[in-house]
Amino acid sequence: MSIIQDLEQMRDEAVGAIDTATDLSALDAVRVAYLGKKGSLTSILRGLGALSAEERPAVGKVSNEVRQSLEAALGARHAVLDAAAMQAKVSADAVDVSLPGRRRLPGREHLIEQIRREVIDVFIGIGYRIAEGPQVELDYYNFEALNQPADHPARGLADTFYVRDLSGDEAAVTGESDVLLRTHTSPVQVRVMESEKPPIYVLAPGKVYRRDVADPSHLPQFTQIEGLVVDEGITFADLKGTLDHLCKEIFGHDRRTRFRPHFFPFTEPSAEVDVSCGICAGEGCRFCGGTGWLEILGCGMVDPNVFGYVGIDPERYSGFAFGMGVERIAALKYDLPDLRMLVEGDMRFLRQF
Ligand code: PHE
């Protein structure tokens, strides 16, 4: 076979290898194999000297043509592969600006906590301060000093969780316990009056416990806010004005209040407070049971007997107290059909507030 045929065959192989190289480094390997210092074309060109003078010009010409066509093929393939490499890099680095962002769900106050804070803000705004008492309480503070001695018919034994000492002391296990989970925040009244002299303007928020089965209007554990004022010259009018202010701040300034006579052992006179229904504005609807009013709290003037337990002179001082259920206020404010929604932790519900 002639050297020219060798050259042409080599060119065809090389062009084939160039056109099928799949990336720039493969293409460079092809270039080195044919045009590098030890490449096939280079060795052929080195052998030109050994050719006869007649052969040399024709072979030299074809060699040059082969080199040019290989360089042209390499250049063209290089451009194609280079563009593909650039395209691959661009798409690998690309940011899809149409992708929806990852939503963060910041935490927020639970509805019970929101209402608690709203009520506290109203009273801090008129000069009250916060008082606290223990949730595990003595019978004395929860009942007795609130004018509800052991034989008092209004004392709801059946409603109370008693705490028993189960450490092994037989008497403590079988005997009547005087430690309980407080059934209301009113024991804080007694603790405050025991340790402070009037004037007293306090608010006592906290958890309370009752032996109720959870249903749409009852929870065995809920939140109350107690208020207590003791000062000279405090009258029922002060109580009415204060609670009317609270209701307007919490429910809206278009709402009205009414006071219905009621009984609590530790206040005399006592009342329950209703706020006008926000749905029918007092006309009567399903939400308010047709009455136009919603019951929101209990209150009254501090009974002189309670002052007797804490050593405050009822001739000089008078006072009022009130207690409200935070879950109930939340339910009334947001028209919740069931108090249990507040404690179930269902995010679909909680996110609405
Ligand atoms: N402690 C009462 C209750 O839980 C509410 C109340 C508080 C009533 C203060 C009068 C005065 O129902």
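Quantities reported herein were computed from a predicted structural model and do not represent experimental measurements.

Rules behind the numbers
Residues numbered from 1 in each chain as written. Predicted model: local features only at pLDDT ≥ 70, side-chain atom pairs only at ≥ 80, totals over all residues. Heavy atoms only, no water. Axes fitted to C-alpha atoms, helices over the stretch in contact; angles between N-to-C directions. Helix = DSSP H or I, 4+ residues; strand = E, 2+ residues; numbered from the N terminus. Parallel < 35°, antiparallel > 145°, perpendicular 65-115°, else oblique. Contact = heavy atoms within 4.5 Å. Nonpolar A, V, L, I, M, F, W, Y, C, P; charged D, E, K, R; others polar. Near = heavy atom within 4 Å. Polar contact = N/O pair within 3.5 Å; in protein donor to acceptor, adjacent residues only side chain to side chain. Areas by Shrake-Rupley, 256 points an atom, 1.4 Å probe, with all protein chains shown as cover. Pairing = 2+ DSSP bridges. Buried < 20%, exposed > 50% of the residue type's maximum accessible area, 1.4 Å probe, protein only. Phe/Tyr/Trp six-rings, centres within 6.5 Å; stacked < 30°, edge-to-face > 60°. Lys NZ or Arg CZ within 6 Å of the ring centre and 35° of its normal.

Peer 1: Can you walk me through the packing of helix α1 (residues 3-20) against helix α4 (residues 55-93) in this structure?
Peer 2: When two helices pack together, their arrangement is given by the angle between the helix axes and the distance between those axes. Where α1 contacts α4, the axes come no closer than 10 Å and their chain directions differ by 0 degrees. Taken together, the axes of α1 and α4 are roughly parallel relative to one another. Here I3, I4, L7, M10, R11, A14, V15, I18, D19 and T20 of α1 lie close against α4, whose contacting residues are A58, V59, V62, S63, V66, S69, L70, A73, L74 and R77. Taken together, the residues that form the contact of α1 with α4 break down as 14 nonpolar, 3 polar and 3 charged.

Peer 1: Can you help me understand the site of the ligand in this one?
Peer 2: Taken together, the neighbourhood of the ligand is formed by 14 residues, with H184, S186, R210, Q224 and E226 sitting nearest. At 2.9 Å from a nitrogen atom of the ligand is found a side-chain nitrogen or oxygen belonging to S186. A distance of 2.9 Å separates an oxygen atom of the ligand from a polar side-chain atom of Q224. Protein chains bury 88% of the 330 Å² of accessible surface belonging to the ligand in isolation. Looking at the shell around the ligand, the elements that each hand over two or more residues are β5 (221-231), β8 (293-302) and β9 (318-325). When its residues are assigned to classes, the shell around the ligand shows 5 nonpolar, 7 polar and 2 charged.

Peer 1: Help me out: how do you make sense of the sheet that holds β5 in this one?
Peer 2: Whenever strands of a sheet pair, they do so through backbone hydrogen bonds, lying parallel or antiparallel. In spatial order, the strands read β1-β4-β5-β9-β8-β7-β6; together these 7 strands make up an open sheet with mixed pairing. In the strand order of this sheet, the two ends are held by β1 (129-130) and β6 (257-264), each with one partner. Here 8 bridges tie β5 to β9, and the two strands are oriented antiparallel to one another. Note on β9: the bridge partner recorded for Q224 is G325. Docked against the sheet, helix α5 (residues 111-124) engages β1, β4 (200-209), β5 and β9, running at close to 165 degrees with respect to β4.

Peer 1: In this structure, what is going on with the side chain of D338? I would like to understand it.
Peer 2: By the secondary structure assignment, D338 is in the loop between α11 (326-334) and α12 (347-350). By relative accessible area, which is 15% here, D338 ends up buried.

Peer 1: When you look at the packing of aromatic side chains in this model, what are you seeing that I'm missing?
Peer 2: Two aromatic rings are characterised by how far apart their centres lie and by the angle between their planes. Scanning the entire structure with this criterion turns up 10 aromatic pairs. These aromatic residues form a ring-pair network of at least three members: F123, Y128, Y201, F320 and F322. The positively charged end of R191 is found above the aromatic ring belonging to Y141, 4.0 Å away from the centroid.

Peer 1: Mind showing me how you'd approach unusual backbone geometry here?
Peer 2: For residues that are not glycine, phi is negative in most cases, and the peptide bond is trans in most cases. Here the bond from P198 into P199 is cis, since omega is 5 degrees, no more than 30 degrees from zero. Mapped onto the elements of the fold, P199 is located in the loop between α8 (187-195) and β4. Along the chain, E268 connects to P269 via a cis peptide bond; the corresponding omega equals -5 degrees. Note on placement: P269 falls in strand β7 (residues 267-276). With phi around 70 degrees, N147 is a residue other than glycine that occupies positive phi space. Within the element layout of this structure, N147 appears in the loop between α6 (139-142) and α7 (170-174). Using a relative accessible area of 16% as the deciding quantity, one classes N147 as buried.

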